[in-house]
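# Coordinate analysis (summary)
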Amino acid sequence: MTPLRRIWGLMYRHLTLFRRSWPRLLDLAYWPVLQMCIWGFTSSFFAARLGASAGGITIAALLGGVLLWEMALRSHLGFAVTFMEEIWSRNLGHIFISPLRPWELIAALVAMSMIRMLLGVLPAATLAALLYHFNLLSVGPVIVLFAANLMMMGWWIALGCISLILAQGGGAETLVWSMLVGLAPLAAVYYPVSVMPHWLQAIALSLPAAHVFEGLRAAVRFGVVRWDHLAWAFGLNAAWLTGATLLFWQQFQAARRNGALMNIGE
Amino acid sequence: MNVIEVSALTKRYRETLAVDAIAFTVREGETVGLLGGNGAGKTTTIAMLLGLLVPTSGRIGVLGHDMARDRFAPLAQMNFSSPYVALPARLTVAENLRVYGHLYNVAGIDRRIAELADELDLHGFLDRAAGKLSAGQKTRVALAKSLINRPRLLLLDEPTASLDPDTGDLVRSWLERYRAQSGCTLLLASHNMAEVERLCDQVLMMKAGRIVDRGTPSDLLARYNRDDLEDVFLDIARDRQVVTA
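On a predicted model such as this, the values are computed, not experimentally measured, just so you know. (Residues numbered from 1 in each chain as written. Chains lettered and ligands numbered in written order. Predicted model: local features only at pLDDT ≥ 70, side-chain atom pairs only at ≥ 80, totals over all residues. Heavy atoms only, no water.)

## Quick word on the sheet that holds strand S2 (residues 16-27) of chain B
Within a beta sheet, neighbouring strands are joined by backbone hydrogen bonds and run either parallel or antiparallel to one another. Residue and element names in this part refer to chain B. The antiparallel open sheet is built from four strands, whose spatial order is S2-S1-S4-S5. Taken across any chain shown, the strands that pair with only one partner, and hence form the sheet edges, are S2 and strand S5 (65-66). Sheet topology places strand S1 (residues 2-13) next to S2; eight bridges connect them, and they run antiparallel. Along S2, the bridge assignment pairs Leu9 with Ile22. (Pairing = 2+ DSSP bridges. Helix = DSSP H or I, 4+ residues; strand = E, 2+ residues; numbered from the N terminus.)

Rendered as structure tokens:
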């Protein structure tokens, strides 16, 4: 039970911040809700011109894409920002001299990322249901597997960003905000991979997100589960996650050698 | 029993030799002072003892464990306080202590916080954000955090820096009392010679990464034929010859 208690200790530290600060809570939901408003009205506009059947598919593909992409984005930010909060409060030293193991730190970051993602995406999903009559769960149970893959993608990208911060210091913090957003064109959130130039398709398909969104469109348009895309997404996530974990471990050990843990963020 | 066993400990950053093959032991219940000027290697030594920094070479044993192979077992039984390492400013004092109570797996956290609040007189600001405390209050809270797990080994980096003389004296008195009651081993880095003279059984004088002298405060005073450690410190810092009586 001791590892769980240490993981809870770190989660408690971050959850307490939310309990006391409504702007922090608002900040989590603000952007996903804003995105949902913009894309909701845009898809409604197109749907009205496409007729009931095609319009419904358009709404489902676009709004499903918005919500799932926000899951990836919120998971990524939830993971990385929770770590950066420790840098900003100059608390990393205390964390790393406690008996908290590095894997427990990562487990706490994953748990906080899931909580932050839910707090951010649930209001947007509710808005989609109320305003645009789109229920994400109507895609089918496979939505859970899509969501799991996008969260994992958020985690390994965040682990990569944290590794860069450990290696390069606070100067690499800005990458956290832009890294996953920069991958959006390759993730094929709103269009199929086939519209990309041939050479770019191979790069896009090395990202789990491209397979997830291809799978989402297949589920929405044809009502089929593309297990091949899901298998690729899980496989790629496993590979990227392993690579990012090894990179984090290497940079963490390097930071212990070069003293970066003592003055990171200064 | 030796709580700390350090041998041939070296830390090199590229061309800079921060700690140069130092060796020392600290017995259980002893208070040892690390004295030296800025850049002498005190903080680097403490960081290596805490496992925050990996030595270039040498060995560190803490509470019978080799820090290179098994640092988490001793880390659960030791703690650290420094005015230079902050606690999360937006959390209240009680919340901060609760976080570290969980991290150190402390049984009966609220009871322990109440004990520490009694001992360090924290009751007046337990529910205040840590960032809104005075320097003296922050020092007491940092001490409370470092005692949350009833450590067998407590490392202190300049525990009374930036405190007024009255608060500094209160902290020193409290450390003396705590050591007498708990039998805790203390390793203390300080620039305050009076503090070292008052608290420490042994003093390690560091300069340019090396331990250049060691002994009890009275041994050092006698050896350098001085009345206070500040003069001993200056003799060593300025490479003055030892004046024999």
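## Side note on the environment of Ala73(B)
Tracing the sequence through the fold places Ala73(B) in helix H2 (residues 72-75). With 72 residues separating them in the primary sequence, Ala73(B) and Met1(B) have C-alpha atoms 17 Å apart.

## What to know about the interface of chain A and chain B
Between chain A and chain B, the contact holds 33 residues from the first and 35 residues from the second. Between chain A and chain B, roughly 3,200 Å² of surface is buried when both sides are summed, and carbon and sulfur atoms account for 60% of that area. If you sort the residues of chain A by the area they bury against chain B, Arg5(A), Ile97(A) and Arg256(A) come out on top, with a joint share of 25%. The tally of links between chain A and chain B comes to two salt bridges. Put simply, Glu95(B) and Arg20(A) hold a salt bridge, and the shortest N to O gap is 2.3 Å. On the surface where chain A and chain B come into contact, there are 13 residue pairs in polar contact (both at pLDDT 80 or more). Per-element accounting of the side of chain A that touches chain B gives the leading share, twelve residues, to helix H1 (residues 2-20) of chain A. For the side of chain A that touches chain B, a count of residues per class yields 13 nonpolar, ten polar and ten charged. (Contact = heavy atoms within 4.5 Å. Buried area = accessible area lost by both parts, 1.4 Å probe. Salt bridge = Lys/Arg side-chain N within 4 Å of Asp/Glu carboxyl O. Polar contact = N/O pair within 3.5 Å; in protein donor to acceptor, adjacent residues only side chain to side chain. Nonpolar A, V, L, I, M, F, W, Y, C, P; charged D, E, K, R; others polar.)

## With respect to H1(A)
Taking 1.5 Å per residue, 19 residues should reach 27 Å; H1(A) reaches 27 Å between its end C-alpha atoms and fits that length. When H1(A) is considered as a whole, its buried residues turn out to be Arg6(A), Ile7(A), Gly9(A), Leu10(A), Met11(A), Tyr12(A), Arg13(A), His14(A), Thr16(A), Leu17(A) and Phe18(A). Buried residues in H1(A) make contact with helix H2 (22-50), helix H3 (52-88), helix H4 (92-96) and helix H5 (102-132) of chain A together with helix H3 (93-103) of chain B. (Expected span 1.5 Å × (residues − 1). Buried < 20%, exposed > 50% of the residue type's maximum accessible area, 1.4 Å probe, protein only.)

## Observations regarding a negative patch on the surface
A cluster of acidic residues, Glu197(B), Asp227(B), Asp228(B) and Glu230(B), forms a negative patch on the protein surface. Taking the relative accessible area as the measure of exposure, Asp228(B) reaches 31% and is therefore partly exposed. (Patch = residues over 30% accessible without salt bridge, like charges linked within 9 Å, V, L, I, M, F, W, Y side chains within 5 Å. Areas by Shrake-Rupley, 256 points an atom, 1.4 Å probe, with all protein chains shown as cover. Lys, Arg positive; Asp, Glu negative; His and termini not counted. Charge placed at Lys NZ, Arg CZ, Asp CG, Glu CD.)

## Brief notes about H3(B)
By the criterion of burial, H3(B) is predominantly enclosed, with ten of the eleven residues buried. Where H3(B) is buried, its residues contact H1 and H4 of chain A together with helix H4 (109-120) and helix H5 (135-147) of chain B. Looking one or two residues beyond H3(B), the residue adopting positive phi is Asn105(B), at roughly 55°.

## A few points about the pattern of salt bridges
Applying the stated rule across the entire model yields 21 salt bridges over all chains. One network of salt bridges, in which partners are shared, links Arg19(A), Arg20(A) and Glu95(B).

## Things to note about the pairing of strand S8 (residues 185-190) of chain B
Residues and elements named next belong to chain B. With respect to burial, S8 is a largely interior element, six of its six residues being buried. Here S8 shows a buried face lined by Thr185, Leu187 and Ala189 and a second buried face lined by Leu186, Leu188 and Ser190. Looking at chain direction, strand S3 (residues 31-36) and S8 are connected through five bridges and run parallel. Directly across from Thr31, in S8, lies its bridge partner Leu186. In terms of strand pairing, strand S7 (residues 153-157) meets S8 through five bridges, oriented parallel. Residue pairing in the sheet places Leu154 in a bridge with Leu186 of S8. With respect to chirality, the unit in which S7 leads through helix H6 (residues 165-182) into the neighbouring parallel S8 is right-handed. (Right-handed = clockwise from strand over helix to strand, strands pointing away.)

## What to know about the packing of H1(A) against H2(A)
All names here are of chain A. Orientation of H1 relative to H2, taken along the N-to-C sense of each, is 100°, at an axis distance of 5 Å. Our classification of the angle between H1 and H2 gives roughly perpendicular. Counting all contacts with H1, which are made through Leu17, Phe18 and Arg20, the residues of H2 involved are Trp22, Arg24, Leu25 and Leu28. (Axes fitted to C-alpha atoms, helices over the stretch in contact; angles between N-to-C directions. Parallel < 35°, antiparallel > 145°, perpendicular 65-115°, else oblique.)

## A word on unusual backbone geometry
Residue and element names in this part refer to chain B. Here the phi dihedral of Ala8 falls at roughly 50°; this positive angle occurs in a residue that is not glycine. Within the secondary structure, Ala8 sits in strand S1. Judged by its relative accessible area of 45%, Ala8 is partly exposed.

## Focus: the sheet that holds strand S6 (residues 78-81) of chain B
Residues and elements named next belong to chain B. Ordered in space as S6-S7-S8-S3-S9-S10, the six strands form an open sheet in which the pairing is mixed. Strands at the two margins of the open sheet, each flanked by one partner only, are S6 and strand S10 (210-215). Across the sheet, the axes of successive neighbouring strands diverge by a mean angle of 15°, strand direction being ignored. Relative to strand S9 (residues 202-207), S3 runs parallel, the two being bridged by five bridges. In the strand pairing of S9, Val32 is matched with Gln202. Sheet contacts for H5: S6 and S7; angle to S6, the most-contacted strand, approximately 170°.

## A word on the packing of aromatic side chains
All chains considered together, the criterion is met by ten aromatic pairs over all chains. A ring pair is formed by Trp39(A) and Tyr190(A), whose centres lie 4.3 Å apart and whose planes are at 15°; its orientation type is stacked. With Trp39(A) in helix H2 and Tyr190(A) in the loop between helix H7 (173-187) and helix H8 (198-204), this pair connects stretches of sequence that are 151 residues apart. Judged by centre distance (4.7 Å) and plane angle (10°), the ring pair of Trp156(A) and Trp240(A) falls under stacked. Note that Trp156(A) is positioned in helix H6 (residues 142-168) and Trp240(A) in helix H10 (residues 227-258), a separation of 84 residues in sequence. Connected via pairs of aromatic rings, a cluster forms that spans Phe96(A), Phe248(A), Trp249(A) and Phe252(A). Over the ring of Tyr100(B) we find Lys145(B); its NZ or CZ atom is 5.3 Å from the centre of that ring. (Phe/Tyr/Trp six-rings, centres within 6.5 Å; stacked < 30°, edge-to-face > 60°. Lys NZ or Arg CZ within 6 Å of the ring centre and 35° of its normal.)

Remember that the coordinates give geometry; whether it matters functionally is a separate question.
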